Amino acid sequence: MSDKKKYQPANRFLYWLLIGVIVRLFLKLKLRTVFDRTGLEDLIKNGGPALVLSTHNSNLDFLFAGVELRPNVVTFVGSHHFTTNKITRFFIKISHAITKKMFCADVSTIISIMRARDAGQIIVLYPEGRLTCSGLSVKVTEGTVELVKKLGIDVYWLTQDGAYKSVPKWAGLKFRPGKVVVHGGKLFAKEDLKTMSKEQISKAISEALYHDEDKVLTDVEYRCKTPAEGLQGILYKCPVCGETFKMSSSGDILKCEACGAEWRLDNKYVLHGPVFDHINAWYQWEQDNIDTSVPIDSEVTVATPGEDGLLVKDAGKGHFHVDRDNIVFKGEVFGKPLEFTESTKVITAFPASVRDHVSLYSGRVLYYFMPEPDRTAAVYWVQYLDKVVEEREKTVSAGE
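The model shown is predicted, which means the values in this text are computed figures rather than measured ones.

Chemist: Go over the layout of surface pockets, please, and point to the residues and values.
Modeler: Of the volumes computed, that of the second largest pocket is approximately 170 Å³. Surrounding the second largest pocket, Tyr236, Lys237, Thr244, Phe245, Glu286, Asn289, Ile290, Asp291, Ile296, Ala377, Tyr380 and Trp381 form its lining. Looking at which element gives the most residues to the lining of the second largest pocket, the answer is helix H11 (residues 377-399), with 3 residues. Within the lining of the second largest pocket, the residues separate by chemical class into 7 nonpolar, 2 polar and 3 charged.

Here's what the structure looks like:
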């Protein structure tokens, strides 16, 4: 392999300054993070090559992982969409992170990961492929098992208990100090991978990465004067009257404007009100009650990268349709007609920003689709596709 094709890790001094000093102090002092490294001692001492599979509970997960694995300079595999923003593009560049086009065939990412392995790196991967909306794990992406087999190196797991509560996806980047515990352990030795079946590997990964934020650090209070604000972004269906997109929030109160039912969210993330006392139980109820025979049809605003690779937020408009089989867009982008159809067997999940958009790649181009007139529908779209995939898998299993 030529020098040009060898993986070059981030500058060790710069990495140490940012992760080992600045970020470490921020996480410990601001978010009261505890770094439990007892299960990772051999990895921290010996370094790579190794693969770390991490849960994805908050937008800060890569920071937690970097500090946990210090003093090693690790290689992160992150979403390609971060390169469409000037600030995150800069940090992707200086950290020498590997980017992946999520839920899209991306051979270049595999090649880059293999080069990082050959360079003896610790590679940190988030195999769920997207950030959880509710604090409950989502399905590990297709291809994870094949990658683990192909790399043939030791594999570890990592999680960040309390990270979701400290920076919930639906609340924006607002920090809620309480407690975060970062910990992990060894999942597979490289020797064992040679004899393990794909089914055994898949089961072990799913079990190791299963995470339910409602069952960890339950006695910790997460300081916030307005804990419920933004929660209607994921809890959009009232369990009392059944109305959708009529929820509102203010301070610590979530309210249905249709029937007047109210819930108070306390600083331990317990809901006080009718039917549900935890967020992810409510969220799962919403998804369970989606009728996938009724397709999604909505007008959308489209965002996509321009010629410089940076995101253009109002690049076009059109109609967005999703049913059990296909995802269809018809409209105009950058003043030109655009139409495509993607199979739900290929696009199996929607990464999303709460109360804003869902995203997907078509023709290897990234598109954000923002529901109009109410962008709260974005999470409903996420749940709809998750339900479609879930029903399909149950049908396949029943036929075996």
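Chemist: Before we move on, could you go through helix H10 (residues 279-288) and cite the residues and values that matter?
Modeler: Residues spaced three or four apart along an α-helix point in a common direction, a consequence of the helix completing one turn every 3.6 residues. Among all positions in H10, only Ile279, Asn280, Trp282, Tyr283, Glu286 and Gln287 are buried. Across the axial projection of H10, the buried residues extend over an arc of 155°, all falling on one side.

Chemist: Which residues make up the sheet that holds strand S2 (residues 50-54), and what values go with them?
Modeler: Reading across from one edge, S1-S7-S6-S2-S5-S3-S4 is the order of the 7 strands in this open sheet, with mixed pairing throughout. Pairing within the sheet leaves two strands with one partner each, and these edge strands are strand S1 (33-35) and strand S4 (98-100). Each strand axis lies, on average, 25° off the axis of its neighbour in the sheet, ignoring direction. For S2 and strand S6 (residues 154-161), the ladder comprises 5 bridges, and the chain directions are parallel. Counted as the bridge partner of Val52 is Tyr156 from S6. In the packing of helix H5 (residues 107-118) onto the sheet, the strands contacted are strand S3 (75-79), S4 and strand S5 (122-125), and the crossing angle to S4 comes to about 155°.

Chemist: How would you sum up the side chain of Thr304? Please name residues and give values.
Modeler: Counting through the fold element by element, Thr304 comes out in strand S12 (residues 296-305). A distance of 2.6 Å separates the side chain of Thr304 from the backbone oxygen of Leu366, its partner in a polar contact.

Chemist: Can you lay out the side chain of Ser134 for me, pointing to particular residues and giving the numbers?
Modeler: In this structure, Ser134 sits in the loop between S5 and helix H6 (144-151). Looking at Ser134, the relative accessible area reads 4%, which means it is buried. A polar contact is formed between the side chain of Ser134 and the backbone nitrogen of Leu136, at a distance of 3.5 Å. Every residue in contact with Ser134, bar those within four places of it in the chain, is listed here: Tyr164, Ile234, Ile279, Asn280 and Tyr283.

Scoring rules and cut-offs
- Residues numbered from 1 in each chain as written.
- Predicted model: local features only at pLDDT ≥ 70, side-chain atom pairs only at ≥ 80, totals over all residues.
- Heavy atoms only, no water.
- 1 Å grid on protein atoms, 1.4 Å probe; cavity = no way out; pocket = protein on both sides within 12 Å on 5 of 7 lines; lining within 4 Å.
- Points joined across faces, edges and corners; volume = space filled by probe spheres on them.
- Helix = DSSP H or I, 4+ residues; strand = E, 2+ residues; numbered from the N terminus.
- Nonpolar A, V, L, I, M, F, W, Y, C, P; charged D, E, K, R; others polar.
- Buried < 20%, exposed > 50% of the residue type's maximum accessible area, 1.4 Å probe, protein only.
- Arc of directions from axis to C-beta.
- Pairing = 2+ DSSP bridges.
- Axes fitted to C-alpha atoms, helices over the stretch in contact; angles between N-to-C directions.
- Contact = heavy atoms within 4.5 Å.
- Polar contact = N/O pair within 3.5 Å; in protein donor to acceptor, adjacent residues only side chain to side chain.

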